[in-house]
Structures are given as C-alpha cells and as structure tokens.
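Structure at a glance
Residue strings, one per chain:
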Amino acid sequence: MVGLVIVSHSYKIAEGIKDLTDQVAPTHKGIIAAGGMEDKSIGTDAVRISEAIKQAESGDGVVVLADLGSGIMSAETAIELLDGEDINARLVDAPIVEGSIAAAVTAACGSKLEEVITAAEQTKAVKKIN
Amino acid sequence: MSTRIYDCLKAIGDKIIENKDFLTDLDREIGDADHGVNMARGFQSVIEKVSQDDPDIGACLKKTGMTLLSTVGGASGPLYGTAYMEAGKVLMGKETLSSEDLRLALEAAIAGIQKRGKAEKGEKTMLDSLIPAYEVYCDKIANGASTIEALDAACVAANEGIEYTKTIAATKGRASYLGDRSIGHQDPGATSLTFTLETIRDFIKG
C-alpha cells in the first residue's frame, strides 16, 4: 500500500489531518503525521520527516504532502536523506488537507504510486464554491 | 582538548547565539521574527552534539548540517543544513584545509543552498553575501593571495552584499509577501551568513 506522510509546521495540523484521513482510510497503517518539531513546537524537521517516510513505506512508495515555505524545503531534504534506502518517495504539489484525503482514499484502495499522486494533485483544481 | 574544527564550529555558534536578538529583530522587519531564535537553538544543539574529539572536518560539518536540519525549524534549517552537509561531503576525511579545500567547500555550500532554495543572486537572500564573497575569494587565491587575505576580501564582499540587500525587494521566502516594502531592510540570512564567514576568518587568523 502506498504510504502517506503529512508535513506541517504545526504538530496539531498534521495530527488533525491524520485524524481526517483515519476517518476515510481506517485500515491504512502507513499514514504518518510529521508536523512540528520533536518537542511539538512550530517548525519542520527534515530528519523526522525522513524517519516518517521510512515508517510509511511498505514497498509501494510514499507520497509526501507539505504545507508551505520551509515545509517544502524540509520535505525535499528528507527525501534526499533517504539516500541509499530503496524507497520511492515523492513530494506532491497539492493543498495539504484535500490532497491528503484524496491520497489516503486512493492509497487505501490499493492504487499505485502514480495514481495516488495524480489523485492528490487533482485536488488543486477542485472548486470549493460553485 | 577539543579539535580545531569543533572549536571553529563552536565559535560560529557563539557568534550566532550572541547575535540572536539582533538577527531576530532584522527578521521582524521583513519576515516572521524567528531567524535569530531558530539559528541560536540550532547552534546550541550543534555545540552539544558535534564530537569534540573527531578531527574529520567533513564528518563534523555533516553532523552540523544534520543537527541544523532537525533543530532550527524555519527555512534556515534546510538551507544552512544542506549547505553544511554539502560542504561536509567535499571535505570528508580531511583533517586540515588548504585554500583550495575551502574554495571547494564554499562552492558546494552555494550549490546546496541554490538546490534547496531555488534562489539566484539578487533575490535578497544569504546568497547575496555568499556568492560575491566566494567570487572575491576565488579571484584573490587565483592571484596569489594567502587564505587569510582572500578571506579578508571575501568578508568585505559579504558585508557589501548585506548593504546590497537593503536596496532590493525580496522575491524568495516570507519577505517576498512584502514586495517593495522589503526595500530598505537588510536580509537576516545574508547577515548570519556574513557572521559565519567573519568567524571562520577570525578563527583561521587565530
């Protein structure tokens, strides 16, 4: 099953999004929240994110969603830190809440990495108010 | 007795920690008022976590980078973290530095920062101090200057880079939200970067 790592500057945001994904994909064990710093203060930590990716991996790859600014930089760094590990981890350009839900649902259905990435990316174009 | 590389990293850390409030105040003007606090927290961990008796300069720089990645929190974490790690890679196994080693380390640090931040010179970032400093350093070394002479000139260029950041608008990072209103303020990243270069120069001078 494709894993999912949720990166936010806020520990609570990442955990909160994971609460939402648990609702739509309760059987998926590879969804990991990596928000905030080790002591739960605001920030992003590339080393923690890298560990979360390893935890989320079950052989089918990992999708990473990040909130903004240095969250993106830390996520990219985290993927580079996997150097030597055989993990296909991909940072996806998508709104973090909608993208995480879409990724969780499609991953839990057994979709492949590319399909999960597409599902998350497509949420960028979804209109919330018609 | 701690190693020279540890002492140098500690000197950089002490300088950053000493200027915590100054760097944070600069960041309050155009950013999110966390640069000094974040960098000071990061370097406090560097001082605690880097081995005091490992003479391998590359290994110590790599450890510094990893520590900054996991303790700084803001954008400076992945930026400085990557810079130190990339510099560490080219110096792995070295216990002394030639002026060419230092050049390679600076070059690798710049490439790392650019890879991570996707910035060029002229965007009101640490690169506005680091790139001119590197260019002047190369020029001086190529013309037969000593490492100290080249570093002296590089520090002058880095300080001029800080002044230059006052004249331009930010197009990267949080400060870019301010657009032209960021003009007139010096970039905190260029400032901490210049402190770093000055500390390295002073340390090598002894």
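Placed above this text is the structure.
So, here is what we can say about the structure in this document. (Residues numbered from 1 in each chain as written. Chains lettered and ligands numbered in written order. Predicted model: local features only at pLDDT ≥ 70, side-chain atom pairs only at ≥ 80, totals over all residues. Heavy atoms only, no water.)

1. What to know about the sheet that holds strand E3 (residues 62-66) of chain A
Residue and element names in this part refer to chain A. An order of E2-E1-E3-E4 is seen for the four strands of this open sheet, with the pairing classed as parallel. The sheet is open, and its two borders are formed by strand E2 (31-35) and strand E4 (89-91), each paired with just one other strand. Adjacent strand axes in the sheet meet at a mean angle of 20° when their direction is disregarded. Both strand E1 (residues 3-8) and E2 contribute to a ladder of five bridges, which runs parallel. The partner of Val 5 across the bridge, within E2, is Ile 32. Across the sheet, helix H3 (residues 70-80) lies against E1, E3 and E4, angled at about 165° from E4, the strand it touches most. (Pairing = 2+ DSSP bridges. Helix = DSSP H or I, 4+ residues; strand = E, 2+ residues; numbered from the N terminus. Axes fitted to C-alpha atoms, helices over the stretch in contact; angles between N-to-C directions. Contact = heavy atoms within 4.5 Å.)

2. Focus on the packing of helix H1 (residues 11-24) of chain A against helix H4 (residues 96-108) of chain A
Residues and elements named next belong to chain A. Between H1 and H4, the shortest axis-to-axis distance is 9 Å and the interhelical angle comes to 30°. Considering the angle they form, H1 stands roughly parallel to H4. Note on packing geometry: the crossing formed by H1 with H4 is right-handed. On the side of H1, the interface is formed by Ile 17, Leu 20, Thr 21 and Val 24, while H4 contributes Ile 96, Val 97, Ser 100, Ile 101, Ala 104 and Val 105. For the contact of H1 with H4, the residue count by class is eight nonpolar, two polar and no charged. (Parallel < 35°, antiparallel > 145°, perpendicular 65-115°, else oblique. Left-handed = near helix turned anticlockwise from the far one by under 90°. Nonpolar A, V, L, I, M, F, W, Y, C, P; charged D, E, K, R; others polar.)

3. Observations regarding helix H4 (residues 57-71) of chain B
Residue and element names in this part refer to chain B. Helix length check: H4, at 15 residues, gives a terminal C-alpha distance of 21 Å against a target of 21 Å (1.5 Å per residue), a fit within 8%. Counting buried positions along H4 gives 11 out of 15 residues, so the element sits mostly inside the fold. One side-chain oxygen at the N-terminal end of H4 lies 3.0 Å from the backbone nitrogen of Gly 58; it belongs to Asp 56. Once H4 ends, the next one or two residues include Gly 73, with phi positive near 95°. (Expected span 1.5 Å × (residues − 1). Buried < 20%, exposed > 50% of the residue type's maximum accessible area, 1.4 Å probe, protein only. Polar contact = N/O pair within 3.5 Å; in protein donor to acceptor, adjacent residues only side chain to side chain.)

4. Examining the nonpolar core
Counting residues in hydrophobic clusters, the biggest one holds 47 residues, and the most contacted among them are B:Phe43, B:Leu61, B:Tyr84 and B:Leu197. Those elements giving two or more residues to this core turn out to be helix H1 (4-18), helix H3 (35-49), H4, helix H5 (76-90), helix H6 (99-117), helix H7 (127-142), helix H8 (147-167) and helix H9 (188-205) of chain B. If you tally residues by element for this core, the top one is H7(B), at seven residues. Contacts of B:Leu61, omitting those with residues within four sequence positions, involve B:Ile5, B:Leu9, B:Tyr84, B:Met85, B:Ala87, B:Gly88 and B:Leu91. Counting residues in hydrophobic clusters, the runner-up holds 20 residues, among them A:Ile6, A:Ala94, A:Leu113 and A:Val116. (Core = buried A, V, L, I, M, F, W, Y, C linked by side-chain atoms within 4.5 Å.)

5. A word on the interface of chain B and chain A
In many reports, interface size means the accessible area that the parts give up when they come together. If you look at the interface, chain B gives 16 residues, while chain A gives 13 residues. The contact between chain B and chain A buries some 1200 Å² in all, and 57% of this surface belongs to carbon and sulfur atoms. In terms of surface lost to chain A, no three residues of chain B exceed B:Leu69, B:Gly73 and B:Arg116, which account for 42% of the buried area on that side. The interface formed by chain B and chain A includes three salt bridges. B:Lys118 is the salt-bridge partner of A:Glu76, the closest N and O atoms lying 3.2 Å from each other. Counting across the chain B and chain A interface gives five residue pairs in polar contact (both at pLDDT 80 or more). Those elements that provide at least two residues to the side of chain B that touches chain A are H4, H5 and H6 of chain B. Grouping the amino acids of the side of chain B that touches chain A by side-chain chemistry returns seven nonpolar, six polar and three charged. (Buried area = accessible area lost by both parts, 1.4 Å probe. Salt bridge = Lys/Arg side-chain N within 4 Å of Asp/Glu carboxyl O.)

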